[in-house]
Amino acid sequence: MAKVAVLGYGTVGSGVVEVLEKNRSLIAKRAGEELEVKYILDLRDFPGDPYEDRVIHDVEMIMGDPEIQIVCETMGGNEPAYTFSKRAILAGKSVCTSNKELVANHGAELIALAREHRCNYLFEASVGGGIPVIRPLCNALTAERINEISGILNGTTNYILTKMEQEKTRFEDALKSAQELGYAERNPEADVEGQDACRKIAILASLMSGKTVDYRDIYTEGITQITPEDFVYARCMGMTVKLLAMCKRREGEKEEYLAAVAPYLVSGQNPLAGVNDVFNAVFIHGNMLGESMFYGRGAGKLPTASAVVADVVDCAKHPGEHIICLWEEEKIRLLDFGQTKGRFLVRVKEAGEDRARNLFGDFEKIVPDGITGEFAFVTKVMREEEAVQKFGGLPELVARIRIKD
Ligand code: HSE
């Protein structure tokens, strides 16, 4: 029997215990042995909880217990999660986590440490919630050179955008409902400002390149500026608005990568337009396979916990063995987002029409049937840097959204 400790009895941690209990015999068959939660570490007590007898407050009981082979880190945040994960690995205990912040910050280091100590640092649940995306990247797609990974990586913002579009819900109400459903981060700014998706694409980009993509280098824009009026224009154009995360590899003398997170207008024909509510979708483009798409619940207690438990089972199946995952600590420099090219939907107050015409020259298209008192158009393909400069010279600017081509 493999004994497991769970660090943090919040949404995901309690989900891990629930999944292990509900699918107990099935998991035992697949793991080759029974898995039992011996300790649950939390600052709080949980009187009346069926597992209250396992709740402890002293991490030393876990670190010092040789019976504990696997630790689930579901605390979130950098500290004390980093210190606890490192100590567990140094003691030869495998760590399975849903903590994207920690993985984005210290993934390469903790993987290297786990390799040295013949155990594992696994993080399937850190990206895409319950969707298997890390394991396919590291295993099933291991023969591929990955050229692009893009998609919807944050359930909370996708839920908010869906509610804004379909039910004309106010941003604040949709966010509150996402929080109640257990989708949002403790600090919802991380979701709505795009930081959560940024960390997730940093993890995927690191696995794609085999080196470290620092999330701080990724251009990141959230959805706080998106309004119901933007959806009016999107509808006119047969499009919708989605928060996209992407990483592309550019062929050349040396390998170069571009990564970004931002809201985009997405055509109704694009499969991403149909990805609604808490669902996430990730496209992975490989040089042999072409495109594949992974779709499923990107957040929520049980889907995320299921991914953590899948890692636990993997660890139980490989005792004393390190499962190889190529992610080195060497940092790669990303291409400047300002140099990328694309089109924008631009909304200006009517009074700004002439100035907009002077600044942007020939428009590709004037968007009809928008909002009274506004003038809206789609720019020609232009460099991001140039567009930003022009927006700065347009005081009548109401909004601008990139278009996914
Ligand atoms: N807050 C995250 C999301 C949770 O909404 O996607 C899952 O990582």
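Residues numbered from 1 in each chain as written. Predicted model: local features only at pLDDT ≥ 70, side-chain atom pairs only at ≥ 80, totals over all residues. Heavy atoms only, no water.

A.B. asks: Just to check I follow, could you spell out the site of the ligand for this structure?
C.D. replies: Neighbouring residues of the ligand: Lys100, Asn154, Gly155, Thr156, Tyr183, Ala184, Glu185, Asp191, Asp196, Lys200, Gly298 and Ala299. In this structure, an oxygen atom belonging to the ligand sits 2.8 Å away from a main-chain N or O atom of Gly155. Burial of the ligand by the protein chains amounts to 94% of its free accessible area of 250 Å². Residue assignment for the shell around the ligand shows that the elements contributing at least two residues are helix H7 (155-166) and helix H10 (195-209). Taken together, the residues of the shell around the ligand sort by class into 3 nonpolar, 4 polar and 5 charged. (Near = heavy atom within 4 Å. Polar contact = N/O pair within 3.5 Å; in protein donor to acceptor, adjacent residues only side chain to side chain. Areas by Shrake-Rupley, 256 points an atom, 1.4 Å probe, with all protein chains shown as cover. Helix = DSSP H or I, 4+ residues; strand = E, 2+ residues; numbered from the N terminus. Nonpolar A, V, L, I, M, F, W, Y, C, P; charged D, E, K, R; others polar.)

A.B. asks: Help me understand the pattern of salt bridges, please; the structure alone is not making it clear to me.
C.D. replies: Pairs may arise between side chains of opposite charge once their charged atoms sit close together. Counted according to the given criterion, the structure contains 39 salt bridges. Here Glu256 makes a salt bridge to Lys254, at a shortest N to O gap of 3.8 Å. Ionic contacts of the salt-bridge type, sharing partners, join the residues Lys100, Glu185, Asp196 and Lys200 into one network. (Salt bridge = Lys/Arg side-chain N within 4 Å of Asp/Glu carboxyl O.)

A.B. asks: How should helix H1 (residues 11-22) be read in this particular structure?
C.D. replies: Every α-helix carries 3.6 residues per turn, so stepping three or four residues along brings you back to the same face. Helix length check: H1, at 12 residues, gives a terminal C-alpha distance of 16 Å against a target of 16 Å (1.5 Å per residue), a fit within 8%. Taken together, the buried positions of H1 are occupied by Val12, Gly13, Ser14, Gly15, Val16, Val17, Val19 and Leu20. Residues of H1 that are buried sit in contact with strand S1 (2-7), helix H2 (24-31), strand S2 (35-41), strand S4 (68-73) and helix H12 (301-317). (Expected span 1.5 Å × (residues − 1). Buried < 20%, exposed > 50% of the residue type's maximum accessible area, 1.4 Å probe, protein only. Contact = heavy atoms within 4.5 Å.)

A.B. asks: What exactly am I supposed to notice about the sheet that holds S1 here?
C.D. replies: Adjacent strands of a sheet form backbone hydrogen bonds with each other and so pair up, either parallel or antiparallel. An order of S3-S2-S1-S4-S5-S6 is seen for the 6 strands of this open sheet, with the pairing classed as parallel. Every interior strand has two partners, whereas the edge strands, strand S3 (55-56) and strand S6 (121-122), have only one. The pairing of S1 with S2 spans 6 bridges and is classified as parallel. Pairing of Ala5 across the sheet is with Tyr39, part of S2. Lying over the sheet, H12 contacts S1, S2, S4, strand S5 (94-97) and S6, oriented at roughly 160° with respect to S5. (Pairing = 2+ DSSP bridges. Axes fitted to C-alpha atoms, helices over the stretch in contact; angles between N-to-C directions.)

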